[in-house]
Amino acid sequence: MSLSDRPSVRLRPEIVALPAYKQGKPADASAYKLSSNENPFDPLPGVIAAVTAETAYNRYPDSSALVLREHLAAKYSIGVDQVHIGSGSVALLAQLILAAAGPDDEVLYSWRSFEAYPSLVTVAGAVSVRVPNRPDHAHDLPEMAAAISDNTRVVIVCSPNNPTGTIVTKDEFEAFMAVVPTDLLVILDEAYIEFVTQADAVNGPPLLARYPNLVVLRTFSKAYGLAGLRVGYALGPVDILNAARSTAIPLSVTAQAAAAAIASLLAEKELLDRVRVIAARRDATWQALIDQGWNIPVPQGNFLWLPTGAETTSITEALSEAGLVVRPFALEGIRISIGEEQAVATLLVMSADLVDALP
Ligand code: PMP
């Protein structure tokens, strides 16, 4: 029997049917990559130095990244065991879903939101329940609360929401938590929180003391510019984080990644100055687009959401020809990261014409 004749191996059909994780298209050297919400700034020299100083390549890393956890515990005034580190916050999402939801359990989230949620739920054998975003593209928390059933095991709230950029307010979140059963895990995904400027937005860590079923997810990928090194963290109750730890693939966070994260915390002031530059660029770009006639939700991450509907593909192609690689969601809209100044300038030249293509 030749290899091609062999009977196909029995794989889980729902896994085989999963779409591959769609990564932003790589941009050629002359194009701007605005498709993955990355940080356009180069790493700080001190961060690179911390990574290169970590030379024990032949040794496994500390599996719990204790020193990094100590820094984060001090930053948020919580216990070291209330911090859990993962190889990106997406790894922590996977762990938390696996820890709480098994076959046929429901995981509830707003949609459209982060594309990884549906796949991670399917991998856990659980079922996604999606509540549509409001017409203003924000989460509809009362509708989400109404969709909770006896089978719900996890609710994911994403603020700012990827890809629409909208936030959940503190009041909305607290009203939601007041009606969510306390035995139901709520994950507040704050991957873009550092870019938030709206004063009424929810901010997870101070709420941890009040809600024993809340876990807050954050990452070094966006504001701290370490997407390539893969470090994220979860803050929450020890029992929930211990369960997540039990599902983790051990030793996934490298010593080099942990060292970069620690160096970034030590250089936080400088990095947050950069965040302010990106947030100001975002707000100016949003205002310019609104003045051109675009209808764009108020952006609070490091990206904009253009609801381009049926014109999504044609506008994506036009932007690509102008050297801007963006993230299209067919028939819905386009997400554009706030990148280099020149990229934004090109976008605003293009968008002045493209707005006429919209119905
Ligand atoms: N949550 C949201 C909402 C995101 O957009 C992303 C990255 N695109 C992540 C989590 C995961 O980021 P990372 O794994 O790099 O920490």
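Residues numbered from 1 in each chain as written. Predicted model: local features only at pLDDT ≥ 70, side-chain atom pairs only at ≥ 80, totals over all residues. Heavy atoms only, no water.

Digging into the overall build of the protein chain
Threshold: Helical segments are the DSSP runs of H or I of at least four residues, strand segments are the runs of E of at least two, and each set is numbered from the N terminus. As a reference, a globule follows 2.2 Å times the number of residues to the power 0.38, and the radius of gyration itself is taken over C-alpha atoms. To sort residues, take the accessible area from a 1.4 Å probe on protein chains only and compare it with the maximum for the residue type: under 20% means buried, over 50% means exposed, and anything in between is partly exposed. Contact between two residues is taken to exist if any of their heavy atoms lie within 4.5 Å; hydrogens are not considered. Neither His nor the chain ends contribute to the count of charged residues, in which Lys and Arg are positive and Asp and Glu negative. Note on charges: their place is set at NZ of Lys, CZ of Arg, CG of Asp or CD of Glu.
Helix and strand content of the protein chain: 12 helices and 12 strands. Against the 2.2 N^0.38 benchmark of 21 Å for 359 residues, the protein chain shows a C-alpha radius of gyration of 21 Å, consistent with a compact globule. If you line up the protein chain on its principal axes, its C-alpha atoms span 65 × 55 × 50 Å. By the burial criterion, 51% of the 359 residues in the protein chain qualify as buried. Taking all contacts inside the protein chain whose residues are at least 6 apart in sequence as the whole, residues at least 24 apart take part in 70%. Side chains of the protein chain carry 26 positive and 39 negative charges; the gap between the two charge centres is 5 Å.

What to know about the pairing of strand β4 (residues 127–132)
How we decide: Strands were regarded as paired on the criterion that DSSP finds at least two bridges between them. If you view a crossover with the strands going away from you and the path from the first strand over the helix to the second runs clockwise, you call it right-handed.
Note: strand β3 (residues 106–111) against β4, 6 bridges, orientation parallel. For Y109, the partnering residue across the bridge sits in β4 and is R130. The handedness of the β3 to β4 crossover, carried by helix α5 (residues 116–123), is right-handed.

What about the side chain of K222?
The criterion, for reference: By convention in these notes, a salt bridge is any Lys or Arg side-chain nitrogen within 4 Å of a carboxyl oxygen on Asp or Glu.
Note on placement: K222 falls in the loop between β7 (214–219) and β8 (232–235). Among buried charged residues, K222 stands out as having no salt bridge; its nearest opposite-charge side chain is E38, 7.2 Å away. In this view, K222 contacts S36, N37, N39, A191, Y192 and F195; residues no more than four positions away in its chain are not counted.

Things to note about the site of the ligand
Put simply, the rule is: Nearness of a residue to a molecule or strand requires only that one of the residue's heavy atoms be within 4 Å of it. Counting of polar contacts relies on pairs of N or O atoms within 3.5 Å, with two restrictions inside protein: one atom must be capable of donating a hydrogen and the other of accepting it, and residues adjacent in sequence are counted only when both atoms are side-chain atoms. With residues, only the protein chains shown are counted as cover, and all accessible areas are computed by Shrake-Rupley using a 1.4 Å probe.
Around the ligand, the structure places 13 residues, and the nearest of them are S89, D189, Y192, T219 and S221. A distance of 2.7 Å separates a nitrogen atom of the ligand from a polar atom in the side chain of D189. Residue S221 places a side-chain N or O atom 2.6 Å away from an oxygen atom belonging to the ligand. Within the complex, 94% of the 400 Å² of free accessible area of the ligand lies under protein.

Some words on unusual backbone geometry
In this model, W111 is joined to R112 through a cis peptide bond whose omega is 15°. Here R112 shows up in the loop between β3 and α5. At the junction of S159 and P160, the peptide bond is cis and its omega measures out at -10° in the coordinates. Here P160 shows up in the loop between β5 (152–158) and α7 (170–179). The phi dihedral of A65 falls on the positive side, at around 50°, and the residue is not glycine. In this structure, A65 sits in the loop between α2 (45–53) and α3 (66–76). Phi at L331 is positive, roughly 65°, even though this residue is not glycine.

Re the packing of α2 against helix α9 (residues 255–266)
We count it as follows: An axis is simply a line fitted to the C-alpha atoms; with a helix, the fit covers only the stretch in contact. Between two such axes, the angle follows the N-to-C directions and lies from 0 to 180 degrees. Should an angle fall under 35 degrees it is called roughly parallel, over 145 degrees roughly antiparallel, and 65 to 115 degrees roughly perpendicular, with every other angle called oblique. Left-handed is the label given to a crossing in which the near helix is rotated counterclockwise from the far helix by less than a right angle, and right-handed is the label when the rotation is clockwise. Gly is put with the polar residues, along with every residue not named as nonpolar or charged; the nonpolar set is Ala, Val, Leu, Ile, Met, Phe, Trp, Tyr, Cys and Pro, and the charged set is Asp, Glu, Lys and Arg.
Taken N-terminus to C-terminus, the directions of α2 and α9 make an angle of 150°; their axes are 8 Å apart at the nearest point. Viewed along their axes, α2 and α9 adopt a mutual orientation that is roughly antiparallel. Remark: the crossing between α2 and α9 carries right-handed chirality. For the pair formed by α2 and α9, the contact residues are G46, V47, A50 and V51 on the first element and Q256, A259, A260, A263 and S264 on the second. For the contact of α2 with α9, the residue count by class is 6 nonpolar, 3 polar and no charged.

Observations regarding the sheet that holds strand β12 (residues 333–337)
Ordered in space as β9-β12-β11, the 3 strands form an open sheet in which the pairing is antiparallel. Strands at the two margins of the open sheet, each flanked by one partner only, are β9 (303–306) and β11 (327–329). Neighbouring strand axes in the sheet, compared pairwise and without regard to direction, differ in orientation by 20° on average. Summarising the sheet, β11 and β12 pair through 3 bridges and their orientation is antiparallel. Paired with R327 across the strands is R335, a residue of β12. Against the sheet, helix α11 (residues 312–321) touches β11 and β12, its axis set at about 30° to β12.

A look at the domain arrangement of the protein chain
Note the following rule: Each domain's extent is set by a domain assignment, obtained either automatically or from a database. Accessible area that two parts lose when put together, with a 1.4 Å probe and added across both, is what the buried area reports.
The domain architecture assigned to the protein chain consists of domain 1 (21–37 + 269–357) and domain 2 (45–266). Listed as interface residues are 24 residues of domain 1 and, on the opposing side, 24 residues of domain 2. Together domain 1 and domain 2 conceal approximately 2,000 Å² of surface at their shared face, both sides included; 58% is due to carbon and sulfur atoms. Remark: the boundary between domain 1 and domain 2 carries 2 salt bridges. Measuring nitrogen to oxygen at the nearest pair gives 2.9 Å for the salt bridge that ties R112 to E332. In this structure, the connection of domain 1 to domain 2 is made through 10 residue pairs in polar contact (both at pLDDT 80 or more). Within the residue set of the side of domain 1 that touches domain 2, elements represented by two or more residues are α10 (268–292), β9 and β11. By residue number, the principal contributor to the side of domain 1 that touches domain 2 is α10, which donates 7 residues. Per-class residue counts for the side of domain 1 that touches domain 2 are 13 nonpolar, 5 polar and 6 charged.

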